Amino acid sequence: STNFKMYERYQTRETVIKAAKVIDKYKDKLEFYCFHFIIGNPLETSEGKRESIHLYLDLPDGFLASLYTMVFYPGAKLTKEALEKGLIREDDFHYSQGWNVRKYRDLKYLDYLFKIIVAMRNRKIIDANSKFSRTMINLLTSKPLTSVLDRKVFLRPIYYSFLGYSNFIKPF
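(A) Inspection of the packing of aromatic side chains at higher detail. Taken as a whole and judged by the stated rule, the model has 7 aromatic pairs. Here Tyr33 and Phe63 contribute two aromatic rings whose centre-to-centre distance is 6.3 Å and whose plane-to-plane angle is 40 degrees, an arrangement assigned as tilted. Residue Tyr33 is found in the loop between α2 (13-25) and β1 (34-39), and its partner Phe63 is found in the loop between α3 (46-58) and β2 (64-69); the two are separated by 30 residues along the sequence. In this structure Phe63 comes out as buried when scored by relative accessible area, which is 8%. Between Phe35 and Phe63, the ring centres sit 4.5 Å apart and the planes meet at 75 degrees, which makes this aromatic pair edge-to-face. Of this pair, Phe35 sits in strand β1 while Phe63 sits in the loop between α3 and β2; the two residues are 28 residues apart in sequence, bridging distant segments of the chain. In this structure Phe35 comes out as buried when scored by relative accessible area, which is 15%. Three or more aromatic residues joined by ring pairs form one cluster here, namely Tyr33, Phe35, Phe37, Tyr56, Phe63 and Phe114. Positioned above the aromatic ring of Tyr56 is the side chain of Arg121, whose terminal nitrogen or guanidinium carbon lies 4.9 Å from the ring centre.

See the structure below:
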């Protein structure tokens, strides 16, 4: 997977799913378990975002997932790469209570969609194993739809819709 290489995580997709199934097998002995994903990374391609969404859907039910917006730290390898490519600026490094100023600036359509899918699955509104859910998510993550909805003219309404959705659905 492109994201495993980017974040220097050298386990395979299959290893992650296998480990998740082992954890799921013992979930009754655990108080809580959660998977974390990073969104809003301007270095990540749409294909990488699609891979993350589908990996998430292939993980066992019964756990929570949390999404965290990419934070660039001065001197880090990914920070240097993003600076060199002009994707971030030196003045992006203003942190406040653990969040930086880029928190929502670099989110794209698939990032917002991922947040909505996670919120709905965490609340058992969608079943990742149902054919209908998979078909809809495949449609919503398709290349043609993504290329249209990733345009700024569409992202602003998606952003404001998401803010309204976030106010409606409270975190746990």
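(B) Geometry of empty space enclosed by the protein. One pass over the structure, following the stated rule, counts 1 cavity of 30 Å³ or more. A volume near 30 Å³ is recorded for the largest cavity. Taken together, Ile38, Ile39, Glu44, Lys49, Ser52, Asp111 and Phe114 make up the lining of the largest cavity. Those elements that place two or more of their residues in the lining of the largest cavity are β1, α3 and α5 (109-122). Of the residues that constitute the lining of the largest cavity, the class distribution is 3 nonpolar, 1 polar and 3 charged.

(C) Representation of the pattern of salt bridges. Taken as a whole and assessed by the stated rule, the structure comprises 7 salt bridges. Among the salt bridges present, the one from Arg50 reaches Glu47, with a minimum N-O distance of 3.2 Å. Here Arg50 pairs with Glu47, and both are found in helix α3, just 3 residues apart, close to one helical turn. For Glu47, a relative accessible area of 35% corresponds to the partly exposed category. Residues Asp61 and Arg121 are paired through a salt bridge, measuring 2.6 Å at the closest nitrogen-oxygen approach. In this pair, Asp61 is assigned in the loop between α3 and β2 and Arg121 in helix α5, connecting sequence segments 60 residues apart. Residue class for Asp61 comes out partly exposed when judged on its relative accessible area of 32%. One network of salt bridges, with partners in common, ties together Arg13, Asp58 and Arg134.

What counts and what doesn't
Residues numbered from 1 in each chain as written. Predicted model: local features only at pLDDT ≥ 70, side-chain atom pairs only at ≥ 80, totals over all residues. Heavy atoms only, no water. Phe/Tyr/Trp six-rings, centres within 6.5 Å; stacked < 30°, edge-to-face > 60°. Helix = DSSP H or I, 4+ residues; strand = E, 2+ residues; numbered from the N terminus. Buried < 20%, exposed > 50% of the residue type's maximum accessible area, 1.4 Å probe, protein only. Lys NZ or Arg CZ within 6 Å of the ring centre and 35° of its normal. 1 Å grid on protein atoms, 1.4 Å probe; cavity = no way out; pocket = protein on both sides within 12 Å on 5 of 7 lines; lining within 4 Å. Points joined across faces, edges and corners; volume = space filled by probe spheres on them. Nonpolar A, V, L, I, M, F, W, Y, C, P; charged D, E, K, R; others polar. Salt bridge = Lys/Arg side-chain N within 4 Å of Asp/Glu carboxyl O.

Without other data, these values stay purely geometric and don't point to any function.
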